[in-house]
Amino acid sequence: MVGGLLPAGTTLPPLPHLLVVLLATGGVVAALRRRRPRVTARRVLALAPWMALGSAAHVLYVVDALPPLLAPFAGSPTVYLTVGSLAGAAWLAAAAARPDRVATALAAAGALCLLPVVAVALGTGLSLAGARWSAVALALALPITGAAWAGLTRLRPEVAVTGGVGALALFGHALDGVSTAVGTTQLGFGERTPISRILLELGGIPPVPVLGEGWLFLLVKLAVASAVVWLFAAYVREEPAEGYLLLGFVAAMGLGPAAHNLLLFSVAA
């Protein structure tokens, strides 16, 4: 699984691939700084398919379903730069072509890139048991997110200013927590991130149905995500563009690993 800092399997691509990624990323970042496209909550939410795209591409890398020429671009952490540069380029193109429909165009472009990658992954071999548990994880994450968001906004009403981006951050980390718990408990997957592995391997934790001992990991994920969203509320109010963008990054840190888990379970369980 992917999640947190320095997971096992972190590698750098061969030098030619690394140079291509760094040059592409640097060029897109420079263009974004020069053009400074307007950042809104809707535009950050439109990046959700791109957050999942990186994880889906990495699944193809894990199951060895990519051509040798492309595979190094989908390794970890290179895949984040690869997809980040593509998303940035798509944002620039959308802002230039349809300045009044940037969010729609950005989300559509991400979805059009994501769907074939998911299709190729599923085409390598669908695991019915893994797909079933992925569906269970998604079904559990939705009401858990709703309850966490309702409780957080009730306890700290100022959090409501983060809107959909704040809710997406909570959902991403809730789904990551649930899917990780389900994967380790029900499917026998291991956790590659040291801190997460420690939480999952603590002894003496009474199990709960479906989540097993992984409920503590989920609880910690929700607590940290809720605290971050609350802390970002003032930032979003004072500097909406920067606040939404950074909160979107927080959302990606949960949604990306969660999407990776769900797709990997569906093809490798």
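Residues numbered from 1 in each chain as written. Predicted model: local features only at pLDDT ≥ 70, side-chain atom pairs only at ≥ 80, totals over all residues. Heavy atoms only, no water.

1. Observations concerning the overall build of the protein chain
When you go through the protein chain residue by residue, the secondary structure sums to 10 helices and zero strands. Reading the helices (α) and strands (β) of the protein chain from amino to carboxyl end gives α-α-α-α-α-α-α-α-α-α. Against the 2.2 N^0.38 benchmark of 18 Å for 269 residues, the protein chain shows a C-alpha radius of gyration of 18 Å, consistent with a compact globule. Based on the C-alpha atoms only, the size of the protein chain along its principal axes is roughly 55 × 50 × 30 Å. Split into buried and exposed, the 269 residues of the protein chain put 47% on the buried side. Long-range pairs, those at least 24 residues apart, make up 80% of the contacts in the protein chain with a sequence separation of at least 6. Put simply, the protein chain shows about 12800 Å² of open surface, and 72% of that area lies on carbon and sulfur atoms. Across the protein chain, the 16 positively charged side chains and the 10 negatively charged ones have centroids separated by 10 Å. (Helix = DSSP H or I, 4+ residues; strand = E, 2+ residues; numbered from the N terminus. Rg over C-alpha atoms; globule rule 2.2 N^0.38 Å. Buried < 20%, exposed > 50% of the residue type's maximum accessible area, 1.4 Å probe, protein only. Contact = heavy atoms within 4.5 Å. Areas by Shrake-Rupley, 256 points an atom, 1.4 Å probe, with all protein chains shown as cover. Lys, Arg positive; Asp, Glu negative; His and termini not counted. Charge placed at Lys NZ, Arg CZ, Asp CG, Glu CD.)

2. Quick word on a nonpolar patch on the surface
Judged by side-chain polarity, L15, L19 and L23 come together as a nonpolar surface patch covering roughly 340 Å² of accessible area. Along the chain, L23 turns up in helix α1 (residues 15–35). We classify L23 as exposed; its relative accessible area is 66%. (Patch = residues over 30% accessible without salt bridge, like charges linked within 9 Å, V, L, I, M, F, W, Y side chains within 5 Å. Salt bridge = Lys/Arg side-chain N within 4 Å of Asp/Glu carboxyl O.)

3. A few points about the environment of Y80
Its location among the elements puts Y80 in helix α4 (residues 78–97). Y80 gets classed as partly exposed once you look at its relative accessible area, which sits at 45%. The spatial distance from the C-alpha of Y80 to the C-alpha of V21 is 9.9 Å, given a sequence separation of 59 residues.

4. Here we look at the nonpolar core
Judged by nonpolar contacts, the single largest core of 63 residues is most densely connected at L47, W50, L106, L168, V178 and L247. Contact partners of L168, with chain neighbours within four places excluded, come to L45, A48, M51, A251 and L255. (Core = buried A, V, L, I, M, F, W, Y, C linked by side-chain atoms within 4.5 Å.)

5. Quick look at helix α9 (residues 215–238)
Structural remark: α-helix, 3.6 residues per turn; residues separated by three or four positions point the same way. With 24 residues, α9 should reach 34 Å at 1.5 Å per residue; the first-to-last C-alpha distance of 35 Å fits that figure. Largest kink in α9: about 30°, centred on F232. When we look at burial in α9, the residues that qualify are L216, F217, L218, K221, L222, A225, S226, V229, F232, A233 and V236. (Expected span 1.5 Å × (residues − 1). Bend = angle between axes of the 7 residues up to and from the residue.)

6. Some thoughts on the packing of helix α3 (residues 48–62) against helix α5 (residues 102–123)
At a minimum axis separation of 9 Å, α3 and α5 run at an interaxial angle of 20°. By the criterion of interaxial angle, the relationship of α3 to α5 is roughly parallel. Handedness of the α3/α5 crossing: left-handed. In this structure, α3 contributes P49, W50, A52, L53, A56, A57, V59 and L60 to the contact, and α5 contributes L106, A107, A109, G110, A111, C113, L114, V117, V118, V120 and A121. Here the contact of α3 with α5 is built from residues that sort into 18 nonpolar, one polar and no charged. (Axes fitted to C-alpha atoms, helices over the stretch in contact; angles between N-to-C directions. Parallel < 35°, antiparallel > 145°, perpendicular 65-115°, else oblique. Left-handed = near helix turned anticlockwise from the far one by under 90°. Nonpolar A, V, L, I, M, F, W, Y, C, P; charged D, E, K, R; others polar.)

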